[in-house]
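Coordinate analysis (summary)
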Amino acid sequence: MYAKHTTDPDRAAAPDPGDAWPADAPHPCESWPDGGRGFRETLDRIGDKWSVLVIGFLSRGPLRFGVLHQQVPGVSQRMLTLTLRHLERDGVVSRTVYAEVPPRVEYQLTPLGESLRTIVHALAQWVTDHHGEIESARHHYDAG
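Residues numbered from 1 in each chain as written. Predicted model: local features only at pLDDT ≥ 70, side-chain atom pairs only at ≥ 80, totals over all residues. Heavy atoms only, no water.

The next subject is the sheet that holds strand S1 (residues 63-64). The 3 strands lie next to each other as S1-S3-S2, forming an open sheet whose pairing is antiparallel. Of all strands in the sheet, those with a lone pairing partner are S1 and strand S2 (93-98), marking the two edges. Inspection of the sheet shows S1 paired to strand S3 (residues 104-109) by 2 bridges, in the antiparallel sense. The residue bridging Leu 63 from the neighbouring strand is Tyr 107, located in S3. Where helix H2 (residues 49-58) meets the sheet, it contacts S1, S2 and S3, and its direction lies at approximately 100 degrees from that of S3. (Pairing = 2+ DSSP bridges. Helix = DSSP H or I, 4+ residues; strand = E, 2+ residues; numbered from the N terminus. Contact = heavy atoms within 4.5 Å. Axes fitted to C-alpha atoms, helices over the stretch in contact; angles between N-to-C directions.)

So this is what it looks like as structure tokens:
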């Protein structure tokens, strides 16, 4: 059964992959008023590889830029900066500057960002669980 929309990350359970979308229920992708433009923009932002990784690492708690840069594999400083700015603009991440010498800056998830925790963790777990199958399918496809 599909869970109703909730902002509580502990209640936003992923649907059972074996469940079909109920025939009498409109799919969320069908109800966007602007032809889906807002949906695509939001999904593009929170669903890109760097945002998913940043949200995942920040779900453990606030981190400084340098620590986050070390933990997110393969991200450049420029791309991490852009990703954090976009997530901050969208209200998913907050940036706190401490009046110290040198200044200390920490990033953390906002309540809106916290609501993505369960979704991002489920996505990361799915990728981890199915990585071998995906690699095998790619190899088979490329060979054939």
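We now examine the packing of H2 against helix H6 (residues 117-143). Between H2 and H6, the shortest axis-to-axis distance is 9 Å and the interhelical angle comes to 115 degrees. Taken together, H2 and H6 sit at an angle that is classed as roughly perpendicular. Every pair of crossing elements has a handedness; the one defined by H2 and H6 is left-handed. Between H2 and H6, the residues in contact are Val 52, Ile 55 and Gly 56 and Val 120, His 121 and Leu 123, respectively. A breakdown of the residues in the contact of H2 with H6 according to their chemical character gives 4 nonpolar, 2 polar and no charged. (Parallel < 35°, antiparallel > 145°, perpendicular 65-115°, else oblique. Left-handed = near helix turned anticlockwise from the far one by under 90°. Nonpolar A, V, L, I, M, F, W, Y, C, P; charged D, E, K, R; others polar.)

Below, the discussion takes up the packing of aromatic side chains. The tally for this structure, following the rule as stated, stands at 0 aromatic pairs. A cation sits over an aromatic face here: Arg 104 above Tyr 98, 3.8 Å from the ring centre. (Phe/Tyr/Trp six-rings, centres within 6.5 Å; stacked < 30°, edge-to-face > 60°. Lys NZ or Arg CZ within 6 Å of the ring centre and 35° of its normal.)

Let us look at the layout of surface pockets. The gaps of empty space that remain are located by a probe, the size of a water molecule, rolled over the atoms. Roughly 290 Å³ of volume is contained in the second largest pocket. If you go around the second largest pocket, the residues you meet are Gly 47, Lys 49, Val 52, Leu 53, Gly 56, Phe 57, Val 120, His 121, Leu 123, Ala 124 and Val 127. Where the lining of the second largest pocket is concerned, the elements lending two or more residues are H2 and H6. Looking at the lining of the second largest pocket, its residues break down into 7 nonpolar, 3 polar and 1 charged. (1 Å grid on protein atoms, 1.4 Å probe; cavity = no way out; pocket = protein on both sides within 12 Å on 5 of 7 lines; lining within 4 Å. Points joined across faces, edges and corners; volume = space filled by probe spheres on them.)

Two side chains that carry opposite charge are able to pair once their charged atoms sit near each other. Overall, the coordinates contain 7 salt bridges when judged by the stated rule. Residue Arg 37 is joined to Glu 41 by a salt bridge in which the shortest nitrogen-to-oxygen separation is 2.6 Å. Of this pair, Arg 37 and Glu 41 both sit in helix H1 (residues 37-46), 4 residues apart, which is roughly one turn of the helix. On the accessibility criterion, Glu 41 (46% relative accessible area) is partly exposed. One salt bridge in this structure joins Glu 114 and Arg 117, with 2.0 Å as the shortest N-O distance. For Glu 114, a relative accessible area of 23% puts it in the partly exposed group. Judged by its relative accessible area of 28%, Arg 117 falls in the partly exposed class. When salt bridges that share partners are traced, they join Arg 45, Asp 48 and Asp 90 into one network. (Salt bridge = Lys/Arg side-chain N within 4 Å of Asp/Glu carboxyl O. Buried < 20%, exposed > 50% of the residue type's maximum accessible area, 1.4 Å probe, protein only.)

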